[in-house]
Each structure stands twice: as structure tokens, then as C-alpha cells.
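# Examination of the molecular architecture
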Amino acid sequence: MSIKLREIFKPEYVQKEFYTGGHIEWTPDGHNLLCQCGPRVSILDIETTTLVDTIPQRTGSVKTGDEEDEEDECTDSVITFTLDPTSKNLITSHKSGLLCTWDWNERKLTKSWRHLHKGPVIKLAITSDQIIASGGTDSIIRLWQSEKAHCLHALHGAQGNISALTFLQLPNSEFWLFAADMQCEIHVWSCDDGKHLFKLQGHFSTVTELTFYKKQYLISCGRDKVVILWDLESKLQLKMVALYDCLETMVVLPEEGFYLQDLDNELKNTHIIPNGVCVAVGGENGRLHIWDVKNNIPILKESNADSQSIKSTKSITNMIFNETRSTLAICYVDNTITLQSFGPQHSKLTLIGSNDEILDVALLGNECSRSLAVAINSCDIYIFPWQKKKIESDDNCEIDKVELGVCCKRIKGHTDTVLCLTSYKNFLISSSKDHSIRVWLYCNVNRTAKCVAIGSRHTGAINSVAISKSLEFIVSASTDTTLKLWKLPKTFKSDEPHILSVKLTEVGHEKEINSICIAPNHQTIATGSQDKLIKIWSANDLSILGVCRGHKRGVWCVRFSPIDQVLLSSSADTTLKIWSMADYSCLKTLESHDSSVLKGGFLNRGTQLASCGGDGLVKIWCLKTSECIATLDKHSSKVWALSIVDDGSIMVTGGTDSRLVVWHDRTEEVRISEAAASQTKALQDQQLQNLLQNEQLLPALKMSITLERPNTALKIIQTLSKQGQGQDLKMVFQNINQEQKERLLNYVVDWNNNGKYCLAAQLVLNILLEDIMMGKLTINQEKLQGLMAYSERHYRRLTTLMTNLQLLRYTTNCMAPHLSNE
């Protein structure tokens, strides 16, 4: 049975960043979460946890990773934004000094203007009456009427940067504007006349958040580690609560009550009805505090499960509560967002706003409940659900597509960066810079993993780990130049992790070991090191069986073939090599990468290879011919992670550019589609010949444009022009689509360059000119200049010709009487 090559892989899912830090907002209905993301505002659908759109929108064309980065660099960066309470307009502040108003429903820019501040606008607020307040670094706050972009008032009194800005609508419909400055003072202005009303003093460090309760109380928090409750009627401080944490954000919880999940007991769900003013605050230590500030009573103080590691502590930077969903969105400094439900149905989701550098990936679970474990330059491991969807292909048949989304579960245990992941069935093995390995057991039901075993005998960071398919042992390799063989127990404790014992230890190389793998027969182990050597070991006693020499630089990856007795290696010398396990000689050297080859693997029953490198490219190789048959470009930097699923039908890659890309093998679909297209084109060619033979020129013209036959179309247009049917062309061109009109316009540009075909070109251009003038048809500047230049030349030539013809006619008429006399 012949094996068909997998040649065409398409990046049908790319997990892109949607939050890079900064401001976030709920839509009032709770369906979408708006997040600041570089030069754009991302729109996240909460039901599906997928990115549905951005403002401004991206261009629809398919781009490589570098092209997407270039597009983002050319886009004006968003500093902050706000959504008005009616969800009508979105206001953005840009690095260029512009304030922009976007129609929320249409996602279109409606107005932009200069904000007149001497520095950037870092805070925005808006009322339901579309009055915008902009606070900048120049200590001035400006009030704007959004429809006319008219500055109503310039409010003075604050000093330094504006750290908080919010409106309050009084019972008489008057608006007050509250703002905090760098002098730790809270200023209040009337929005009707711009008059400074009063200021509140009580904080001793930057005030980071201002919020209200029943329009009666003002609650403020700051980096002086206190929350202050103010009475707006008396302008006095009622209560000060010390929380011993540099507070960055705060929200008021609903007075009707909320459900509180006990973090130590997931089965407990308590309904809290506050007697006073309940707020949730977060700050530098990453803990969520819920406090009744009126009665100075703590309701919840989140325990720090990661106290053993400083690196695992993630500061809270922003929080926002949505009453419709009764959900609190908590933003952390690593750009992750946790959606904590305060309703009767408890749920807690983690959204990855922007990945850090992706170091490794591993697939978990069975066909029905797969997940992808990802190491993202963090001490935690992130597990993304493997979601299969049905999509329609080009030939209207359904095909499977895999998506990961941005919703994941975070499993904690390591105290330093996780470097390597490997899996088999429901077992996940991880290694870290904390000198330990951990064994995790994956649960197919809730799609999470529990640590069941720990091994810590290395004295350096563990770069690579592998598990035998017999589930009897694990091998690990470290920067301490040793490899260790760990005995894997058959059963694990349910209450606490099992401590793994080292069965064998061997000093493997002179330099750190980068990669380790186990042969399919569980009898052989291979290691690759920075000392340029590949060593083959016996799995029984770790005795050395052979050494493979040939690479000129360090070896990054080694992998055994699933069917042959050969070994694949990739190196920093930009090559891949195939080694014989019979005599440890080099069988083949594959060269195509321009940088270090960081990872490789076998696919398609060992007949093909996949590799990824420091050049940001993923390459597919045919092992029989030693040729690179496909180069896949979607990353913009080093690709560290490569996972091959279902023997090559799907590949997952990740790297320094923080992108997770899911590649689908579409070779068969593309071949079927090409065969169907070829058959359709052959039938259309025959129809065109029949139309020409029957002199049905108008239908033949439309068919020639569809088949991209410019010469045939030119001949038909010239024939129609000679027969005096040029006006009938307008009817043909009205019945072709926009793409065909653009194609015809390109033909016109080429025809117009030649004097022989200029009449046909000008005839078509005259008809298409109406669409160009109405903006339905666009033409770039370069083509327009070419059309104008040649058209002017043709006009001068024809004018000269007509002048000469008139002169000749005049001369002939003058000579006519003399000829008759003779």
C-alpha cells in the first residue's frame, strides 16, 4: 500500500494575543469583554471565549507572522479607551495625539480630533449624554462634546498625571467629575460650568481607583495600602481600612448580595448579603480581598497558594465587575484574565491575554476529550481544550478543524520556569528550572491534571524529559550534564504526590544535555548535547552503546523513527541528520534552514519529517528524496515547540513570538479541489469555443473574463467595436462581479500601453469610469499614473492625426475645381 505525501499544511487556527495589559471593559449586556491590545481594542466573546473582532479591524487578507507585525507597527497605538454606558460609541486615545470615536455596532470610525493636551491622554471617561473627559500627563482635564468634537471646558486644579477619572450623576441629573492626581488628592468639578467644587485629602500615595456606592459614598483606594470611605454630602472621611497591600484596582459588589465560593472547599457556595459597603480589591501581592469597608469587616482574603515561589506571585492590575453576568474579571500582570463568577452557578475561567515565549507543547487525553498542555515561560502549565469544529471547504463539503481558544486551566506546582513537556496517554511529564520533574495525571472529564509524583535529584535545570510507552520508567537530562532514569510506580497516592526514586544516574556529556528520547522498543535511549555529540544508551543499565559524530554545533533535538532503526537529530549548524542505529553512521544530511534547527519529528509513518528553527519557519521533508517539499511561514521568530498529532494530520507549533499555530494537512482536499477546478475549467473552455464558433460574442466576452483570457477578451472587444456594438459592452460589464471588474481593469492598463489596442482599452475604460468615480472600483496610484500618461500620449497622437486628415481634406477640396477644369 503506497503512502501519500503530506505536502499542503494550512494554518487554520492561530492563537493571537488579545490583551497586552492596560484597560478592560465589559459591555453592559455582559456578552463581550473589551481589552486593550497594542494598536487595537480586542472584542472577546465570553460565551465562546474567542476573539471575534478588533477596533480598528484587521485587513482580511492572509498574512505571514512578519507581515502581521509590520501591520501592527504601522497602526496608531491605543493608550486607553472607554465605552459609553449605552454601548453606542467607543472612545480611544492614541499615541499620535488623536481622540477617536468609533461606532460600536458598525465597528467604524466616525470622528477623530486632536485632544489639545501637551502630553498623552492616559485616562478617559464618558457619560450617557456623550460628554467625554480626557485626563493627560499635563495636569489638565478637558471635557468634550463627542458629536461635534468641541471642547466644553478645560479643568484646572490637579497636579501631575491623572491617575483616576470618573463621572457621577446626581439626582438632579447634574454630572460631577472626580479625578485623582499625583499629589494624592481627589478633585471634584461641576460639568455644567467647569467650576472646581472641592477636593478630598486623605491618601499618602497615588490613588489608583475611584468608585461610588448609591451616589452617597465615594470609595477610593491607593498604593498607600488603604481603602477610604467618603461621605459625599459632608465631604468627610468616614472610614479608613488598612489592607497591607499596594492596591491597584477596586470594584463595588452588588448590594443585593452575591455568592462567595470558598477557595479551600470547592463544594461550598455561600450567599453573602452585605450590611454595609462591600468592595473587592486587588494589588501587588496578587490576592483578592473582599471587605465591608463601612463596618470594617473582612469577608474574604484569598490565600496565596504559591507562597513558596516569588516568581509565581502575579500582581493584580485591573478588575471590573459586570452585574448582568454577576462576574468579576481580574487582570494580572502576566496579561492573564480570570473570570470569577459571583452568581449561584460557580465558575472560574482563566483567559490567556498574551502568551509569553512558548517553550514546549504536549497533547493529552483521548480522542473525545483532548487538551493541549503548554509551557509559556512560566512556573505554571496551561491546559487548553482541544475543540473540534466542522467547517465547509471550497468544494462545499465538511472538514474537521481544531481550535484552542483563549480559555484554559492553569496547573501549579513548579516553582520556576517549566522547560519541557512530554505526554503519553493520560500522563504528562514536566521538567523545570527548579531542578525537578513532575508527573501529572490528566482527567478526561474536567480536562485538568493533578500532580501525582515528584522527582528532584538533579543539580541543574532539567532541559528534557521522556517517558517510556511501557509506563515503567522516565528519563531526564539536565544542564548538570547527567541523565537519570526514574522508576515510575504502578499506583499513586490519592492524597499527596509520590516521591520518585532514581534507578540509574550517568554523566552523559561534557556540556549540558538539550534533548533526550526513548526508542519505541523501550530498550534504547538517545541524548543530544551542546558538545555536538549524540550518544546512544542502553535503557537497562545506562551503558553507552555508541556515539554519533558529525554535527558542527550543539544538538538541539533527537527523535527515534517509529518504524525504522534510524535516529533524527537537529542542530545549531542549520542541518538535520539521519543516523543508522546499526553502525551509528550518518545516512543523510538535510539542509534548507537558514538558522538553528530547534525541533524535529517524524510523521506519515516515518516517511516524512517536520522541522522548525530559529528562522521562524516550519519545513516538511520527504525522507526518500531528502527534499524539502513545503515551507510554512506563520511565525515571526524562533519556533521552539513542535507537536505532531495523528501522524501528521495536525501539527501544533509555538515560539518566541507567543503564537500557537495549529496546522492542518489539507493535501487531499486541495488535490480534490484542484481536480474539480480543472474539470470545470475544461468544460468552460469548451463552452467558450462553442460561443465563439456560433459568434455569440457578448456571452463569450463574459466567459473569457471569467476564465482570465485577456487576449480572447481583447479580440472580442475589437470585433464588437468594428461591428458598432460597443454600447452593448456596458450591459455585459454590469453583469460581472467586482473581482472580475478589477481583473478587467488590470487588462485595460496593459492594453493601454500599446497603441494597437488603445481604442479597445479606452472603450472599456469609459464604461468602467462610472464605477471608479462612485468608489465601487479602486485603482492604485501607480496604475492610475500609467493610464493617464499613455492616455495623454494616445490623445496627442490622435489629435495630430485628425489635424493632418483635416489638412489633407482641405487641400483636396482646394484642388477639386482645378481638376474639373482640366
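Quantities reported herein were computed from a predicted structural model and do not represent experimental measurements.

Calculation rules
Residues numbered from 1 in each chain as written. Predicted model: local features only at pLDDT ≥ 70, side-chain atom pairs only at ≥ 80, totals over all residues. Heavy atoms only, no water. Helix = DSSP H or I, 4+ residues; strand = E, 2+ residues; numbered from the N terminus. Buried < 20%, exposed > 50% of the residue type's maximum accessible area, 1.4 Å probe, protein only. Contact = heavy atoms within 4.5 Å. Lys, Arg positive; Asp, Glu negative; His and termini not counted. Charge placed at Lys NZ, Arg CZ, Asp CG, Glu CD. Patch = residues over 30% accessible without salt bridge, like charges linked within 9 Å, V, L, I, M, F, W, Y side chains within 5 Å. Areas by Shrake-Rupley, 256 points an atom, 1.4 Å probe, with all protein chains shown as cover. Salt bridge = Lys/Arg side-chain N within 4 Å of Asp/Glu carboxyl O. UniProt positions renumbered as here; feature names shortened; annotations may be inferred. Axes fitted to C-alpha atoms, helices over the stretch in contact; angles between N-to-C directions. Parallel < 35°, antiparallel > 145°, perpendicular 65-115°, else oblique. Nonpolar A, V, L, I, M, F, W, Y, C, P; charged D, E, K, R; others polar. Phe/Tyr/Trp six-rings, centres within 6.5 Å; stacked < 30°, edge-to-face > 60°. Lys NZ or Arg CZ within 6 Å of the ring centre and 35° of its normal.

Counting its secondary structure elements, the protein contains eight helices and 61 strands. Oriented by its inertia axes, the alpha-carbon framework of the protein measures out at about 125 × 90 × 45 Å. Buried positions account for 53% of the 822 residues belonging to the protein. Once local pairs closer than 6 in sequence are excluded, the contacts in the protein between residues at least 24 apart make up 47%. The centroid of the 86 positive side-chain charges in the protein is displaced by 3 Å from the centroid of its 94 negative side-chain charges.

A grouping of Leu759, Leu798, Leu801, Met802, Leu805 and Leu808 is seen on the molecular surface, where their side chains present a nonpolar patch of about 570 Å² in accessible area. Structurally, leucine 798 can be placed in helix α8 (residues 781-821).

At the junction of isoleucine 55 and proline 56, the peptide bond is cis and its omega measures out at -5° in the coordinates. Positive phi, close to 65°, is recorded for cysteine 184, a residue that is not glycine. Topologically, cysteine 184 is positioned in the loop between β15 (175-180) and β16 (185-190). In this structure, serine 658 is a non-glycine residue whose phi angle is positive, near 70°. Looking at the secondary structure, you find serine 658 in the loop between β60 (650-655) and β61 (660-665). Classification of serine 658 by relative accessible area gives buried; the value is 17%.

On to the UniProt feature "repeat: WD" (unreviewed entry) in the protein, then. The feature "repeat: WD" (unreviewed entry), as given by UniProt, occupies residues 114-154, 200-240, 411-440, 455-488, 506-547, 548-589, 590-631 and 632-673 in the numbering adopted here. Within the segment residues 200-240, helix and strand shares are 0% and 63% respectively, and the terminal C-alpha atoms sit 13 Å apart. Between the C-alpha atoms that bound residues 455-488 there is a distance of 10 Å. The span itself is 0% helix and 56% strand.

So, about the packing of helix α4 (residues 710-722) against helix α7 (residues 758-773). Taken N-terminus to C-terminus, the directions of α4 and α7 make an angle of 85°; their axes are 10 Å apart at the nearest point. Judged by the angle between their axes, α4 and α7 are roughly perpendicular. Two secondary-structure elements touch here, α4 through Leu714, Ile717, Gln718 and Ser721 and α7 through Ala760, Leu763 and Val764. For the contact of α4 with α7, a count of residues per class yields five nonpolar, two polar and no charged.

All right, on to the packing of aromatic side chains then. Under the defined criterion, the tally for this structure stands at 11 aromatic pairs. Residues tryptophan 556 and tryptophan 640 carry aromatic rings whose centres are separated by 5.5 Å and whose planes lie at 75° to one another, so their mutual orientation is edge-to-face. With a gap of 84 residues between them, tryptophan 556 in strand β51 (residues 555-560) and tryptophan 640 in strand β59 (residues 639-645) connect regions that are remote in the sequence. Among the aromatic residues, those joined into a ring-pair cluster are Trp176, Phe178, Phe198 and Phe212. Note that arginine 107 overlies the ring of tryptophan 104, its terminal NZ or CZ placed 4.4 Å from the centroid.

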